[in-house]
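Read off the chains here:
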Amino acid sequence: MDGRHEYFGDFMELQPHKGGVRSLLHLMCSCDIAANDAVECPPGTTEDRPLNRWVIFVSVVAQMLLLWVKTPLAKLGRAVEYWMNLVTDNGGGVLKLIMNAMEGKVRIPDRESPNYRSFIGLLDTRIELDEKIKPGDSNYHAALGIMASKIAYENELVIKTVVENHWQMKFLEFFNCWNEFRGDYTTQAFMFADKAADADLVVVAFRGTSPFDAEDWSTDVDLSWYEIPEVGRAHGGFMKALGLQPNTGWPANIDASKERPFAYYAIRDALKKFLVANPRAKFVVTGHSLGGALAVLFPAILALHGEQDENDDLLARLHGVYTYGQPRVGDQRFGEFVERHLDTPGARRRYFRFVYCNDVVPRVPYDGGALLFRHFGQCVYVDAFYRAQGMVEEPNKNYFSPVFLVPKYANAAWELVRGLVIGQVAGAEYVEGWVMRISRAAGLLIPGLPPHSPQDYVNATRLGAASLDLLLRDH
């Protein structure tokens, strides 16, 4: 037995690797979830509501299937990514690739080069910042945040090249961090500043869900949670990715080796060091998808450790948290704790959660009953015409409502058509490549997946600049 029973007031951890037909049947038929092989929780824990057990059942099954396809999905991802880079490096078309092959001029992609792009990077190849959005504009940090979140999917060399050569900013550090529970380096982030010296802004961007990483998707649909004393219940998978310690939870300080850094502690210490050297600087935390969950969890743990007091005012120098397509990270009490520490005395909001249209990821894990996952903070909802509006919760909050079934598929068809003409209407930078068009077509079958791409979130901060300006101006 590890230290969870001592540190956490309560917890429920789903263990799909221990699941089987017997445990799944037990979930459907018995209230005694503490006796289930696929669920770890304090002895005597029961769940009387069949709907809640059904939701747990679906989560376990989904994770079992994802773990089953983990290796072939990863291999498929590497092959697809390599093929896409091969085509791109040889002129962007199969015919040009064939011609280069016939002439003996095929360019072979190098996975470690500054030109090798991730699948996400090839869905949307834009790397330049929008020159029309300037520092000081109300939507500047939102626009910078989604671009940082998008390039967080790339390798370190690509990120450094983009930040320094294209954005004319200062790349500070890349973090490749250890997850003690998964025994692997699962969490990546990077940090950059607007200037090399006397900086005004430093940005921390977390990498999100990799499309071909089954464990990332498993984390998104996982219903596991831990109750942090005096804070609330938070998502177990996200906390593990951020650096949760198996036996001690969230100690203020740890002794971690340089070879196996934990994300929260490594980033916090690097951020403190930079802010001491740059007393005028504020910082922004951002992320897309899973990266968004880590982005909002990061200041929550800062608050847990008292980083907002007079002697150590790290949170006082937080300008804002900007997340895109972020899944739910905790219960209502957790959300109230975070909001209490992110609100400034002048009532300025510092947390903005962007949701584009029918993106499925912000609608998981399930919100209902005693499972207690809730969104909090300002939701910036962007519709399929890139019009932004502020609301408490996005429409169709759990995605599977039958009321939204027909509109979801109609919207997927509209997005496919829009993608074919948007370049002619909005300009060359909005032209969607063949990879994104295939993704739009796939949305006719699974309408919630293509809207999760950073492509639409980038478009929202640019084409929706007018509505965003009105929404963010006072914050």
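Right above here is the structure, for reference.
The following refers to the structure shown.

Here is what the cut-offs are and how they apply
- Throughout, residues of each chain are indexed from 1 in the direction in which the sequence is written.
- For this predicted model, a pLDDT threshold of at least 70 governs which residues receive local features, and a threshold of 80 or more governs which side-chain atom pairs are given and counted, while totals over whole chains, interfaces and linings are taken from all residues.
- Derived side-chain values reflect all non-hydrogen atoms in the structure, with water molecules and hydrogen atoms excluded from consideration.
- Geometry is summarised by axes, namely lines fitted to C-alpha atoms with helices restricted to the contacting stretch, and by angles between N-to-C directions that run from 0 to 180 degrees.
- Here a helix means four or more residues in a row that DSSP labels H or I, a strand means two or more in a row labelled E, and each is numbered from the N terminus.
- The labels follow the angle: roughly parallel below 35 degrees, roughly antiparallel above 145, roughly perpendicular from 65 to 115, and oblique for the rest.
- Left-handed describes a crossing whose near helix is turned anticlockwise from the far helix through less than a right angle; right-handed describes the clockwise counterpart.
- The contact rule is simple, with two residues in contact once any of their heavy atoms fall within 4.5 Å.
- In this scheme, strands are said to pair when DSSP sees at least two bridges between them.
- Burial classes follow relative accessibility: with a 1.4 Å probe on protein chains only, a residue under 20% of its type's maximum area counts as buried, one over 50% as exposed, and anything between as partly exposed.
- Definition of a polar contact: a pair of N or O atoms within 3.5 Å, with one able to donate and the other able to accept a hydrogen when the atoms are protein atoms, and with sequence-neighbouring residues admitted only if both atoms are side-chain atoms.
- Within this scheme a cavity is a closed region of a 1 Å grid, computed over the protein atoms alone, that accommodates a 1.4 Å probe without allowing it to escape, whereas a pocket is open but has protein on both sides within 12 Å along at least five of seven lines; lining residues each have an atom within 4 Å of a point.
- Grid points are joined across faces, edges and corners, and a volume is the space filled by probe spheres set on the points.
- Classification used: nonpolar for Ala, Val, Leu, Ile, Met, Phe, Trp, Tyr, Cys and Pro, charged for Asp, Glu, Lys and Arg, polar for all others including Gly.

**Quick notes on the packing of helix 14 (residues 405-426) against helix 15 (residues 434-442)**
Reasoning step 1: In the contact formed by helix 14 and helix 15, the axes pass within 8 Å of each other and the chain directions differ by 160°. Taken together, the axes of helix 14 and helix 15 are roughly antiparallel relative to one another. The way helix 14 lies across helix 15 gives a crossing that is left-handed. Facing Glu 415, Leu 416, Arg 418, Gly 419 and Leu 420 of helix 14, the residues of helix 15 in contact are Arg 437, Arg 440 and Ala 441.

**So, the sheet that holds strand 2 (residues 39-40)**
Reasoning step 1: With antiparallel pairing, four strands are arranged side by side in an open sheet as 2-1-6-7. Each edge of the sheet is formed by a strand with only one pairing partner; in this case those strands are strand 2 and strand 7 (232-235).
Reasoning step 2: Summarising the sheet, strand 6 (residues 225-228) and strand 7 pair through four bridges and their orientation is antiparallel. What sits directly across from Ile 228, in strand 7, is Gly 232.

**Here's the deal with the pairing of strand 5 (residues 201-206)**
Reasoning step 1: The buried fraction of strand 5 amounts to six of the six residues, a majority that puts the element mostly inside the structure.
Reasoning step 2: By the alternation rule, side chains of strand 5 split into Leu 201, Val 203 and Ala 205 and Val 202, Val 204 and Phe 206, which are all buried.
Reasoning step 3: Two elements, strand 4 (residues 184-193) and strand 5, share five bridges in a ladder whose sense is antiparallel. Residue pairing in the sheet places Ala 189 in a bridge with Phe 206 of strand 5.

**Here's the deal with the environment of Trp 217**
Reasoning step 1: As for its position among the elements, Trp 217 is in helix 9 (residues 214-221).
Reasoning step 2: Each C-alpha atom, one on Trp 217 and one on Trp 434, is 24 Å from the other, the two residues being 217 residues apart in sequence.
Reasoning step 3: Dropping the residues within four chain positions of it, Trp 217 is found in contact with Leu 66, Thr 209, Ser 210, Pro 211, Val 361, Leu 449 and His 452.
Reasoning step 4: A polar side-chain atom of Trp 217 sits 3.1 Å from the main-chain carbonyl oxygen of Pro 211.

**What about empty space enclosed by the protein?**
Reasoning step 1: One pass over the structure, following the stated rule, counts two cavities of 30 Å³ or more.
Reasoning step 2: If you go around the largest cavity, the residues you meet are Arg 182, Thr 186, Thr 187, Asp 216, Thr 219, Gly 237, Ala 241 and Leu 290.
Reasoning step 3: Contributing elements (two or more residues each) for the lining of the largest cavity: strand 4, helix 9 and helix 10 (236-242).
Reasoning step 4: Considering only residue class, the lining of the largest cavity consists of two nonpolar, four polar and two charged.
Reasoning step 5: By volume, the second largest cavity amounts to about 40 Å³.
Reasoning step 6: If you trace the second largest cavity, you find it lined by Arg 117, Gly 121, Asp 124, Thr 125, Arg 126, Ile 127, Lys 150, Ile 151, Glu 154 and Val 158.
Reasoning step 7: Looking at the lining of the second largest cavity, its residues break down into three nonpolar, two polar and five charged.

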